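Structural characterization, general
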Amino acid sequence: MKDPLPDPFADQPDWAPAPPRPVEIVPATGRVELRGQRVLVGLPGLGWRADLRADERVVQGSRTYVPVIPEHEWYRAEADQVEVFAPLMPVERVWVETVGTRPVAGPHEGGIRLVSLDTPTHRPPTPVVEADSVTGRRVVHVVGGVEHRDLRAVTETYSGADGDICVRVASEVDWYRWAWRGQAPTTLEVPIHLLWIE
């Protein structure tokens, strides 16, 4: 008698959506669109700075640079149509966040995760239910297989009116507008089984 085929859905309840595609980090020296993209800057072996946005490459002499803007300033410039200061970073010190492909499910690795200091890395999406805190973090809302990105959590987990454990989220532009104008964001209550930390 043959062994039965394994159930590919055994570890995932039918109500739980698949996690979002992970963020992958690629060098800005490649053929990648830069305007408005999230970027990291730094030096191998030293470290990396995130929460930045890029504009198109600039060539001065024989060097290529990337204008890099703190994310809150980028949103302000786009929303209010104002100019902001953007330091020029050598292109070889800039890395771009892109949405990768969905990995094949594998065993969950716990414990310490060692990385190389040669390139910046990004953690895979983490279910909000596994996070210790979430306020201010970038989150992805997955509903019906569609990923809604560029969101920030504005609360910690709480019990919603229907008894679900929820988090309120806002668009990133509203999140940052809250800082520069003091204008409270429009939020959406989302059950935590539909949210991942990006």
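Up top is the structure.
Just so it is clear, the model here is predicted, and its values are computed rather than measured.

What about the overall build of the chain?
Looking only at helices and strands, the chain has two helices and 14 strands in total. Across the 198 residues in the chain, those meeting the buried criterion constitute 34%. Considering only residue pairs separated by 6 or more positions, the chain has 55% of its internal contacts joining residues 24 or more positions apart. Accessible area for the chain stands at about 12500 Å²; split by element, carbon and sulfur atoms hold 54% of it.

So, the pattern of salt bridges
A full pass over the atoms with the stated rule returns 22 salt bridges. One salt bridge connects Glu71 with Arg38, and the closest N-O pair in it is separated by 3.0 Å. Linking Glu71 in helix α1 (residues 71-80) with Arg38 in strand β2 (residues 38-43), this pair joins segments that are 33 residues apart in sequence. Residue Glu71 is classed as buried on the basis of its relative accessible area of 1%.

Section: the packing of aromatic side chains
Within the structure shown, the criterion is met by four aromatic pairs. When the centroid spacing of 5.0 Å and the interplanar angle of 75 degrees are considered together, the rings of Trp74 and Tyr75 count as edge-to-face. There is no split in this pair, since Trp74 and Tyr75 are both buried. An aromatic cluster is built from Trp74, Tyr75 and Tyr176, whose rings are joined through pairwise contacts. Lying over the aromatic face of Trp74, Arg53 brings its terminal NZ or CZ to 4.7 Å of the ring centre.

What about the environment of Val99?
Tracing the backbone through its elements, the reader meets Val99 in strand β7 (residues 94-99). On a C-alpha basis, the gap between Val99 and Glu24 in space is 5.9 Å, while along the polypeptide they are 75 residues apart. Beyond its immediate sequence surroundings of up to four residues, Val99 is in contact with Arg21, Pro22, Glu147 and Arg149.

Some thoughts on the packing of α1 against helix α2 (residues 172-181)
Contact pair α1 / α2: the axes reach a minimum separation of 9 Å and the direction vectors enclose 95 degrees. One element, α1, and the other, α2, form an angle in the roughly perpendicular class. The residues of α2 that touch α1, namely those facing Glu71, His72, Tyr75, Arg76, Ala79 and Asp80, are Glu172, Val173, Tyr176, Arg177, Trp180 and Arg181.

A few points about the pairing of strand β9 (residues 138-143)
Along any regular strand the residues' side chains alternate between the sheet's two faces. For β9, a buried count of five out of six residues is recorded, marking the element as mostly surrounded by other parts of the structure. Of the strand pairs in this sheet, β9 and strand β10 (residues 146-153) are connected by five bridges, and their pairing is antiparallel. The partner of Arg138 across the bridge, within β10, is Arg152. Here β9 folds back onto β10 in antiparallel fashion, the turn holding two residues, of which Gly144 has a positive phi close to 60 degrees. Relative to strand β14 (residues 195-197), β9 is paired through three bridges, and the arrangement is antiparallel.

Focus on unusual backbone geometry
Even without a glycine there, the phi angle at Asp51 is positive, about 60 degrees. With respect to the helices and strands, the residue Asp51 is situated in strand β3 (residues 47-54). Residue classification places Asp51 among the partly exposed residues on the basis of a relative accessible area of 41%.

Section: α2
Taken together, the buried positions of α2 are occupied by Glu172, Asp174, Tyr176 and Arg177. Residues of α2 that are buried make contact with β2, β3, α1, β9, β10 and β12 (165-171). Looking one or two residues past α2, Gly182 carries a phi angle of roughly 75 degrees, positive in sign.

Section: the pairing of β2
Of all six residues making up β2, five are buried, and the element is well covered by its neighbours. Pairing between β2 and β3: five bridges, direction antiparallel. Its bridge partner being in β3, Val41 is matched across the sheet by Arg49. Where β2 hands over to β3, the hairpin turn is made up of three residues, of which Gly45 adopts a positive phi near 85 degrees.

The rules behind each value
Residues numbered from 1 in each chain as written. Predicted model: local features only at pLDDT ≥ 70, side-chain atom pairs only at ≥ 80, totals over all residues. Heavy atoms only, no water. Helix = DSSP H or I, 4+ residues; strand = E, 2+ residues; numbered from the N terminus. Buried < 20%, exposed > 50% of the residue type's maximum accessible area, 1.4 Å probe, protein only. Contact = heavy atoms within 4.5 Å. Areas by Shrake-Rupley, 256 points an atom, 1.4 Å probe, with all protein chains shown as cover. Salt bridge = Lys/Arg side-chain N within 4 Å of Asp/Glu carboxyl O. Phe/Tyr/Trp six-rings, centres within 6.5 Å; stacked < 30°, edge-to-face > 60°. Lys NZ or Arg CZ within 6 Å of the ring centre and 35° of its normal. Axes fitted to C-alpha atoms, helices over the stretch in contact; angles between N-to-C directions. Parallel < 35°, antiparallel > 145°, perpendicular 65-115°, else oblique. Pairing = 2+ DSSP bridges.

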